[in-house]
Amino acid sequence: MVRCASLGLLRLVAIMLLAGLMGATLLRIAPGFGSDEQQFNASLSSQSLQALRQARLTDSDVPSYYGRYLVSLLRGDLGVSHSLNQPVRDLLRDRLPATLRGLAVALSAAWLLGLLLAAGAQLFRSPLFRFLANGMSGVFLSTPAAVLALLFVVLRFSPFLAAALLVFPKIYRYTFNLLQESYELPHVLMARAKGAGTWRVLLWHVLPAALPQLLALAGVSISMTLGVILPIEVICDVPGIGQLAWQAAQSRDLPLLVNLTLVVTLLTVCATMLSDQARRSFTRSTV
Amino acid sequence: MKWLRRISFGILLTVAAACMAAGYLAPAGYEHQFRDLPAAGPSAQHPMGTDDVGRDRLARLLYGIRVSLLLAPLAAALATVMAALVGGVAGYAGGWIERCMLLIVDLFLSIPWIFLLVTVRAALPLNISPQASVTVTFALLGMLGWAASARVICAGTRDLMKSDFVWMARASGFSGFKLLRLHVLPNLRDTLLAQFWISVPVFIITEANLGALGLGVAEPLPSLGSLLGELQQLVTLRPEPLRFVPLFVLIVIVSCFQILLEKRQVNV
Amino acid sequence: MRRWWPWILLLAGLQLQAQPGGELRFCIHSYPRTFNPLLVEDEASETVRYLTGGVLVRMDRITQKLQPELATEWKVSADGKRIRFKLRTGVRYSDGTPFSAADVVYTMQQLMDPALHSATGDAFRSGEGAVSAQALSPALVEISFPAAVANLASLFDTVAIISSKSPQREMAVLGPFYIAERKAGSYILLKRNSNYWKKDANGRPLPYLGAVRLEVEQNREIEALRLQRGEIHLINAVVPAVYDKLSRSDPALVRDAGVSADTEQVWFNQMPGAPIPAYKLAWFTSTNFRRAVSEAINREDMARIAFHGHARPAVGVTSPANRFWFNGKLNHHPYDPDSALRRLKQDGFHMENGGLRDKSGNEVEFSIITNAGNSARETMAAMIQQDLKKIGIHVNVVTIDLPSLLERVSSKFNYEACLLGWINADLDPNLQMNVWLSSADNHQWNPKQSSPSTSWEAEIDRRMKDQASSSDERKRKQAWDRVQQIVWEQEPFIFLVNKDALVGISPAVKNAQPSFLRPQTFWNVEELEVK
């Protein structure tokens, strides 16, 4: 148990370090690194422009920047954002809760809707129900996040509910297929032939068969949802980390981006590790 | 629901034919600007009206569907194949190979790939044709969009490896890639189809969103995604239902794909 | 009777909390990067500085004349190197610290510190040597410069005087409001500075408003929605499509403050060492080629379509809104594709199978880069593409994100043509020295030249230095008129349109007088009231 947890922690740290380094490298090689909008400010003198360029290029050597960053990380110093002129730690402390709240709302609503519709399609076996469920998921899968988010703002609904509607089609689609596959398993057919009730078949035979993959889906659905929430935060000006990510991308803000990459990696890997662990425990208990 | 499949097939065929025949069906070229008629309503000359620059909406829709429906499914297929390979190999091999590959998958999910897209675009010549540039964009999306479903496929593969028919196949001498290809992956068809079906509209919309970073389709070539971008002007949207036609078309196409690719439900 | 008193107390409490004059609310499009008024670079920081900073003089955005503020009088020496201010007495900072000449001296010392690299400070740099400020008395200060500074007095419109003594440092302010509350990325609440020195004509203390709330909102569509709903009171720059929509549904909400000083322009890369084919460089350095491209672009259509009629064809670098500095003898280049083709023929270009080719047979094709996400600019680029197609030129429109564009245009120079706009916050052309001097970094088409590569650039250099070193407005105007003439003839920048200043002002706001000069809607914030 302890060995397992230690290995898991080691894996988490390794992935975070690698992700941070790769994120920093990608940002460094991207065009526009070191550029600043102030370069077009006609009021600035030649010396000021030169100083501006120098300041933006101080972190241009990625390995040495990353090394310095890791050392300061151990002291709890996450660096200072170039573009926002504030300590990254303060920015994350102020913004992360909004994103986490949104993530929780969107994820719960998406899973609830996706599971209900997928299970309903299997339970009722009604072509009309399936048609409507498929249609609904097709509509939201095809709608751009910006359009739906803006519509929700116009209607004064929470934009995170828009995120839920955008994520649920993926959950619904995978879940529907998984349940359908499970319904065709021999032991499920046997149970139905023996007269087991609809709900019993679903809860006792179908879901357990589909659960390992559903748990895997649960793990990746967090990164899927995060991928939807971040642009919605930008569009709807929710003061979460989505805005920070956009700011980091637009300004090539290395300190901000590295920290955000670590946060996203932490969330993603924790989610997948938890889902793996749940799947393993479930598999062991059913053997 | 045979009739539904037939209708879906018919719709897709009609859409495909309309796109291929865009040169004949479109009232004008997709780039021609009728500057005396910007944002005009439907008329005999322009059945779907014109956009803000005076370009015929129908022409842009037909050509836009052609671009998106050619490239998005290809990108989705690429992502699906990559997910199948990575997830399949990881689930098949198990052990440290699986752990390493899942580590790579998690890394892939966490890294801000947007900078790679920006870098690749910057490396392309400025005078590259819009068609070539949008093809490159979709290819990159396909190469980067596989990670999420690889995990699901890995989990599915792992379960299948414990099933009786796989044991039987192994006992019969099947192993390695042949086992994966002939016995494992076909049984993951539904998961793979779900991945493909989801990816098509996601890639179309992602291409539109990338326009904000200059990575979308270049003027004057339209794409379904760029046409959907007009809807972002929600507040200033004039009450023109025709602006929603690209969205409606995408929904119909995606739904038709889904109906056709869905396995028939077995009713016992 | 006993039951009444909680209600009376509650009402009294509410009265105490209610802001006299109300709370003005509007949006800023990003959170300010700094609250140090000397280091302001972005629009959001400038907004906060404008609302909180006390300045020596203020330009009236309607009359375009300087008005006394913390300085009651000022005099610029004949050589333009010295300025003396007589300061208002009895003025205090928001924390009660008294204001005096020592604060002006301190501010100038901080501002002109070379290590600060302040854009505000750089505007004062006229030559090598230090700037000195001296407090001649508590109410008299003299500032000396190593060389003449053109339009010296008006530069102090952007210098917020910080306290040399206050423990609050730059947070102690002399302006009408002070920062009371802020939440990073979300909002800033400014409250009325009860120590503000200004009173209205009836002796009533200003500002009338009790507070100003700045909400961070990037999305222009949502900002327009909030104005419609009454959640905010002002929008400084309304996009044309939103303006049209609101003028149909709520005409009282929007106003057109007339043509602005901003411009949109295209320029070609003329750098000798640029990584572009030599034959293309030859096209771009040809005046005939540039003039032909200019004549082939339909500016009227651009103003009508890309800006919904809320723009007009640009004449040159200076907008007609800039009444004093605009060269009234110039007109915008007409749309004349036939004339364009004649010019190109002079340079050996010819049509072949519907496409234009140069004298060596190369197909005339180039790319125009512009920043992604600006729909008006993307529309303009698409229109230029179609216009030039009519004279056989194939244009590739490439929209890229701003950092990539900046890198191409400012450091790598790997571009062919660029479409961008200028925000001309100041009227005086001297602030454009770093654009027009051939040795300057921002001489976009061919920056940092060791010596002018063309005779017309050499003449522009001379004229710009003439106007910078003269304190005679007439002579400066003559020099600048000549610069405008040269730019009109040579077209290193092909100026396209001047946009109108479209603003949103809620009917609840009293005394608003929108101007095309920034800040368009609240430049007279101390006189604004909210019903």
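Please read these numbers as outputs of a predicted model, since none were measured by experiment.

Enquirer: How would you explain the overall build of chain A if you had to name every residue and give the values?
Expert: Broken down by element type, chain A carries 11 helices and zero strands. What you see in chain A, going N to C, is helices and strands ordered as α-α-α-α-α-α-α-α-α-α-α. Seen through its principal axes, chain A has C-alpha atoms that stretch 85 × 50 × 30 Å. For chain A, with 287 residues in total, the buried portion stands at 56%. Taking as baseline every contact in chain A between residues at least 6 positions apart, the subset at least 24 positions apart corresponds to 73%. Of the roughly 11,700 Å² of accessible surface on chain A, a fraction of 70% belongs to carbon and sulfur atoms. Side-chain charges of chain A comprise 23 positive and 13 negative groups, with the mean position of each set lying 13 Å from the other.

Enquirer: Any chance you could break down the overall build of chain C for me, citing the residues and the numbers?
Expert: A tally of regular secondary structure across chain C gives 16 helices and 21 strands. Its C-alpha atoms give chain C a radius of gyration of 26 Å, near enough to 24 Å, the size a compact globule of 531 residues would have. Sorting the 531 residues of chain C into buried and exposed places 60% on the buried side. Long-range contacts, defined here as pairs at least 24 residues apart, represent 68% of the contacts in chain C between residues at least 6 apart. With 63 positive and 60 negative side-chain charges, chain C shows a separation of 5 Å between the mean positions of the two kinds.

Enquirer: So what about helix H3 (residues 101-111) of chain C? Which residues, and what values?
Expert: Residue and element names in this part refer to chain C. With eight of 11 residues buried, H3 lies mostly within the body of the structure. Those residues of H3 that sit buried are Ala-101, Asp-103, Val-104, Val-105, Tyr-106, Thr-107, Met-108 and Leu-111. Here the buried face of H3 lies against strand E5 (82-87), helix H4 (119-122), strand E6 (132-137) and strand E7 (140-144).

Enquirer: Tell me what's going on with the confidence of the model for chain C, and back it up with residues and numbers.
Expert: Residue and element names in this part refer to chain C. The predicted model of chain C has a mean per-residue pLDDT of 92, with 96% of residues at 70 or higher. Counting contacts from residues 8-18, a segment whose pLDDT is below 50, to residues more than four positions away or on other chains yields zero contacts. This complex was scored by the predictor with a pTM of 0.90 and an ipTM of 0.88.

Enquirer: Which residues make up the packing of helix H10 (residues 189-209) of chain B against helix H12 (residues 245-261) of chain B, and what values do they have?
Expert: All names here are of chain B. Packing of H10 against H12 leaves a shortest axis separation of 11 Å and a crossing angle of 170°. Judged on the interaxial angle alone, H12 and H10 are roughly antiparallel. Facing Arg-189, Leu-193, Phe-196, Trp-197, Pro-201 and Ile-204 of H10, the residues of H12 in contact are Leu-250, Val-254, Phe-257, Gln-258 and Leu-261. In terms of residue class, the contact of H10 with H12 is made up of nine nonpolar, one polar and one charged.

Enquirer: Residues and numbers for the interface of chain A and chain B, please.
Expert: Taken together, the contact pairs 61 residues of chain A with 56 residues of chain B. For the pair chain A and chain B, the two sides together bury roughly 5,300 Å², of which 66% comes from carbon and sulfur. Between chain A and chain B we count two salt bridges in total. Between Arg11(A) and Asp106(B) there is a salt bridge, with the nearest N and O atoms lying 3.0 Å from each other. Between the two partners, chain A and chain B, sit four residue pairs in polar contact (both at pLDDT 80 or more). Per element, the largest residue contribution to the side of chain A that touches chain B is 10 residues, and it comes from helix H11 (residues 254-286) of chain A. Class assignment for the residues of the side of chain A that touches chain B results in 33 nonpolar, 17 polar and 11 charged.

Enquirer: Report on unusual backbone geometry, specifying residues and quantitative values.
Expert: Going from Glu219(B) to Pro220(B), the amide bond is cis rather than trans, its omega being 0°. By the element assignment, Pro220(B) lies in the loop between H10 and helix H11 (224-228). Along the chain, Arg518(C) connects to Pro519(C) via a cis peptide bond; the corresponding omega equals -10°. Examined against the element boundaries, Pro519(C) turns out to sit in the loop between strand E20 (509-510) and strand E21 (529-530). One non-glycine residue, His117(C), lies in positive phi territory at about 50°. Mapped onto the secondary structure, His117(C) falls in the loop between H3 and H4. At Asn151(C), a residue that is not glycine, the phi angle is positive and equals roughly 55°. Positionally, Asn151(C) belongs in the loop between E7 and helix H5 (152-155).

Enquirer: Describe the interface of chain C and chain B, listing the residues and the values that go with them.
Expert: Facing 37 residues of chain C, the contacting portion of chain B comprises 27 residues. If you sort the residues of chain C by the area they bury against chain B, Glu221(C), Ile305(C) and Gln386(C) come out on top, with a joint share of 21%. Between Arg35(B) and Asp387(C) there is a salt bridge, with its nearest N and O atoms 2.8 Å apart. Taken together, the connections running from chain C to chain B amount to 11 residue pairs in polar contact (both at pLDDT 80 or more). Breaking the side of chain C that touches chain B down by element, the ones donating at least two residues are helix H6 (220-229), helix H7 (240-249), helix H10 (299-305), strand E16 (365-371), helix H12 (375-389), strand E17 (394-400) and helix H13 (402-412) of chain C.

Enquirer: Which residues make up the environment of Ile232(A), and what values go with them?
Expert: All names here are of chain A. Its place among the elements puts Ile-232 in helix H9 (residues 198-236). With a relative accessible area of 0%, Ile-232 lands in the buried category. Separated by 82 residues in the primary sequence, Ile-232 and Leu-150 place their C-alpha atoms 8.8 Å from one another. Excluding its chain neighbours within four sequence positions, the residues that come into contact with Ile-232 are Ala-145, Ala-149, Pro-159, Ala-162, Ala-163, Leu-166 and Asp-237.

Enquirer: Give me the confidence of the model for chain A: which residues, what numbers.
Expert: Overall, the prediction assigns chain A a mean pLDDT of 87, with 98% of residues at 70 or greater. Averaged pLDDT values for the elements of chain A fall to 81 in helix H2 (residues 46-56) of chain A and rise to 92 in helix H4 (residues 88-124) of chain A.

Enquirer: Break down the environment of Val497(C) for me, with residues and values.
Expert: All names here are of chain C. Along the polypeptide, Val-497 turns up in strand E19 (residues 493-505). On the accessibility criterion, Val-497 (0% relative accessible area) is buried. A sequence separation of 274 residues divides Val-497 from Glu-223, and the C-alpha atoms of the two residues are 25 Å apart. Beyond its immediate stretch of four places on either side in the chain, Val-497 contacts Asp-262, Thr-263, Glu-264, Arg-299, Met-302, Ala-303, Phe-307, Ala-311, Arg-312, Pro-313, Ala-314 and Met-380.

Enquirer: So, the packing of helix H1 (residues 2-29) of chain A against helix H4 (residues 95-110) of chain B: which residues are in play, and what are the values?
Expert: Their axes nearest at 10 Å, the elements H1(A) and H4(B) cross at an angle of 45°. For the element pair H1(A) / H4(B), the angle class is oblique. H4(B) is crossed by H1(A), and the crossing has right-handed handedness. Contacts from Arg11(A), Ile15(A), Leu18(A), Ala19(A) and Met22(A) in H1(A) reach Arg99(B), Leu102(B), Leu103(B), Asp106(B), Leu107(B) and Ser110(B) in H4(B). Class assignment of the residues belonging to the contact of H1(A) with H4(B) gives a composition of seven nonpolar, one polar and three charged.

Enquirer: Outline the domain arrangement of chain C, supporting the account with residue identities and numerical values.
Expert: Where interface size is given, it is often the accessible area lost as the parts come together that is meant. For chain C, the assigned domains read domain 1 (21-53 + 175-233 + 506-531), domain 2 (54-168) and domain 3 (259-500). Centre-to-centre, using C-alpha coordinates, domain 1 of chain C lies 35 Å away from domain 3 of chain C.

Enquirer: Run through the packing of aromatic side chains, naming residues and quoting values.
Expert: Counting across every chain of the model gives 40 aromatic pairs over all chains. When the centroid spacing of 5.7 Å and the interplanar angle of 90° are considered together, the rings of Trp436(C) and Phe493(C) count as edge-to-face. Of this pair, Trp436(C) sits in helix H14 (residues 433-436) while Phe493(C) is found in strand E19, placing the two residues 57 residues apart along the sequence. Note on Phe493(C): relative accessible area 1%, which makes it buried. Above the face of the Trp167(B) ring, Arg170(B) is positioned so that its terminal group lies 5.8 Å from the ring centre.

Enquirer: Quick one: what's the story with the sheet that holds E6(C), residue by residue and with numbers?
Expert: Backbone-to-backbone hydrogen bonds join strands into a sheet, with any given pair of strands oriented parallel or antiparallel. All names here are of chain C. Overall, antiparallel pairing links the four strands, which are arranged E4-E5-E7-E6 in an open sheet. Two strands bound the open sheet, and with one partner strand each, they are strand E4 (71-76) and E6. The mean inter-strand angle of the sheet, taken between neighbouring strand axes irrespective of direction, is 20°. Across five bridges, the pairing between E5 and E7 is antiparallel. Directly across from Ile-83, in E7, lies its bridge partner Ile-143. Relative to E6, H3 is tilted by about 175°, and along the sheet it contacts E5, E6 and E7.

The rules behind each value
Residues numbered from 1 in each chain as written. Chains lettered and ligands numbered in written order. Predicted model: local features only at pLDDT ≥ 70, side-chain atom pairs only at ≥ 80, totals over all residues. Heavy atoms only, no water. Helix = DSSP H or I, 4+ residues; strand = E, 2+ residues; numbered from the N terminus. Buried < 20%, exposed > 50% of the residue type's maximum accessible area, 1.4 Å probe, protein only. Contact = heavy atoms within 4.5 Å. Areas by Shrake-Rupley, 256 points an atom, 1.4 Å probe, with all protein chains shown as cover. Lys, Arg positive; Asp, Glu negative; His and termini not counted. Charge placed at Lys NZ, Arg CZ, Asp CG, Glu CD. Rg over C-alpha atoms; globule rule 2.2 N^0.38 Å. pLDDT = per-residue confidence, 0-100. Axes fitted to C-alpha atoms, helices over the stretch in contact; angles between N-to-C directions. Parallel < 35°, antiparallel > 145°, perpendicular 65-115°, else oblique. Nonpolar A, V, L, I, M, F, W, Y, C, P; charged D, E, K, R; others polar. Buried area = accessible area lost by both parts, 1.4 Å probe. Salt bridge = Lys/Arg side-chain N within 4 Å of Asp/Glu carboxyl O. Polar contact = N/O pair within 3.5 Å; in protein donor to acceptor, adjacent residues only side chain to side chain. Left-handed = near helix turned anticlockwise from the far one by under 90°. Domains from an automatic or database assignment. Phe/Tyr/Trp six-rings, centres within 6.5 Å; stacked < 30°, edge-to-face > 60°. Lys NZ or Arg CZ within 6 Å of the ring centre and 35° of its normal. Pairing = 2+ DSSP bridges.

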